[in-house]
Amino acid sequence: MTSVETAPFVDTERYWRDGFLFPLRACSPEQANAWRHELEAVEAEWGAPGRLPRPFGDYARANFHVVCAAAARIAHEDTVLDQVEAILGPDIMVWAAELVVKEPHSPKVVTMHQDLTYWGLDGADALVTAWIALSETSIANGAMRFVRGSHLLGQVGHRDTFGAHNQLSRGQEVEVTYDPVDVVPVELAAGEVSLHHGLTFHSSGPNTTDRRRIALAIRYVSPAVAQRVGPVDYAMQVRGVNRSRQLLAIPMPVGDFGPAALRLHEEITVAQAVALGAGATEELDYGR
């Protein structure tokens, strides 16, 4: 753990007021570039059709840390964990990790939503997403947008849109209105990270540039979190003590896409699909 003298300052008062905090530093731009190349090498090696039981994108978008050693290692980075600890406390687990990619000139968008709507988890204040930029992130290439203070509204109603270009599983979006003046674009340099609360409204636009936008989003939880919709849930201990009686502890992968890791990923996918699909207006293919 980073010493008290060198630990990064985290403005927790601002985080709890706004529901997000950025820009913070996860690593140097050079390290971010190295991580990017490492993860893209995994994508290149394993992304060919038929290489895996599921399409590579299914693994990248949910629980990537279960099957990818580099993703799990980055989730253990002290620089990131020191900042998360300021929010969650000393006992930290990874509930999910996602390789987030928007290809050049991609029309894909994410509608305004709250993360916790379909995850089945309780304890909203005990979850924070660290979104690590592995490339420059701008409005032009589809940066996130947060709505300041929206987490204070609690869980709000959402509707399913199943939009053709929507990257969310159900095209979900909030049903309440919000003041456009509170919308904040999350522009980050490579190596910077944003933190956001599980109930913070957020969205993102298309990538209109010639370059890929790539990031690693890591969902950290304290052991106090519990699954209330699905039959069981899982998390990887990354700091402190595992005091959870609700989340099953999982190991770091020893390599990429090993047989045991693939079986575990499938088990987790099927279990989490119960919460993700609850109340959907159309059948989801996630988890099949």
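Residues numbered from 1 in each chain as written. Predicted model: local features only at pLDDT ≥ 70, side-chain atom pairs only at ≥ 80, totals over all residues. Heavy atoms only, no water.

Chemist: Explain the packing of aromatic side chains to me, and be specific about the residues and the numbers.
Modeler: The description of an aromatic ring pair rests on the distance of the ring centres and on the angle between the ring planes. Within this structure, the stated rule accounts for 10 aromatic pairs. Relative to phenylalanine 22, the ring of phenylalanine 20 has its centre 6.0 Å away and its plane inclined at 35 degrees; by these criteria the two rings are tilted. By relative accessible area, which is 11% here, phenylalanine 22 ends up buried. Looking at arginine 51, its charged tip hangs above the ring of tryptophan 46, at a distance of 4.1 Å from the centre. (Phe/Tyr/Trp six-rings, centres within 6.5 Å; stacked < 30°, edge-to-face > 60°. Buried < 20%, exposed > 50% of the residue type's maximum accessible area, 1.4 Å probe, protein only. Lys NZ or Arg CZ within 6 Å of the ring centre and 35° of its normal.)

Chemist: Let's hear about helix α7 (residues 259-277): which residues, and what values?
Modeler: Working note: α-helix, 3.6 residues per turn, so residues spaced by three or four point in the same direction. With 19 residues, α7 extends 27 Å from end C-alpha to end C-alpha; this agrees with the ideal 27 Å at 1.5 Å per step. By the burial criterion, the buried members of α7 are Ala261, Leu262, Leu264, His265, Ile268, Thr269, Ala271, Gln272, Ala273, Ala275 and Leu276. Those residues of α7 that are buried lie in contact with α3 (56-61), α4 (64-67), β2 (92-102) and β12 (233-239). (Helix = DSSP H or I, 4+ residues; strand = E, 2+ residues; numbered from the N terminus. Expected span 1.5 Å × (residues − 1). Contact = heavy atoms within 4.5 Å.)

Chemist: A description of the sheet that holds strand β11 (residues 213-221) should follow, citing residues and the corresponding values.
Modeler: Within the open sheet, the 7 strands sit side by side as β1-β9-β4-β11-β2-β12-β13. Their pairing is mixed. Two strands close off the open sheet at either side, each with one partner strand: β1 (20-25) and β13 (247-249). Adjacent strand axes in the sheet meet at a mean angle of 35 degrees, parallel and antiparallel pairs treated alike. Where β2 lies against β12, 3 bridges are found, and the strand directions are antiparallel. Note on β12: the bridge partner recorded for methionine 93 is glutamine 237. (Pairing = 2+ DSSP bridges. Axes fitted to C-alpha atoms, helices over the stretch in contact; angles between N-to-C directions.)

Chemist: Lay out the environment of isoleucine 268 with the relevant residues and their values.
Modeler: Structurally, isoleucine 268 can be placed in helix α7. Isoleucine 268 sits 33 residues away from alanine 235 along the chain, and the two C-alpha atoms are 9.7 Å apart. Beyond its immediate chain neighbours, meaning those up to four positions away, isoleucine 268 contacts Asn63, Val66, Tyr234 and Ile250.

Chemist: Could you give me a rundown of unusual backbone geometry, with the residues and numbers involved?
Modeler: A cis amide bond links phenylalanine 22 to the next residue, proline 23, at an omega of -10 degrees. Among the secondary structure elements, proline 23 is positioned in strand β1. Even without being glycine, asparagine 63 reaches a positive phi, approximately 60 degrees. Take asparagine 63: it is sitting in the loop between α3 and α4. Even without being a glycine, histidine 105 presents a positive backbone phi close to 60 degrees.

Chemist: Pulling in residues and values, what's your account of the nonpolar core?
Modeler: If you look at the biggest cluster of nonpolar residues, it comprises 55 residues, and the most contacted ones within it are Phe64, Ile132, Leu195, Ile218, Tyr220 and Phe257. Residues Trp95, Trp119, Leu121 and Ala235 belong to the second largest nonpolar core, which totals 16 residues. (Core = buried A, V, L, I, M, F, W, Y, C linked by side-chain atoms within 4.5 Å.)

Chemist: Can you break down the sheet that holds strand β5 (residues 144-147) residue by residue, with the values?
Modeler: Ordered by their spatial adjacency, 4 strands build an open sheet running β3-β10-β5-β8, and the pairing between neighbours is antiparallel. Every interior strand has two partners, whereas the edge strands, β3 (110-113) and β8 (183-185), have only one. Going across the sheet, the axis of each strand differs from the next one's by a mean of 20 degrees, ignoring polarity.

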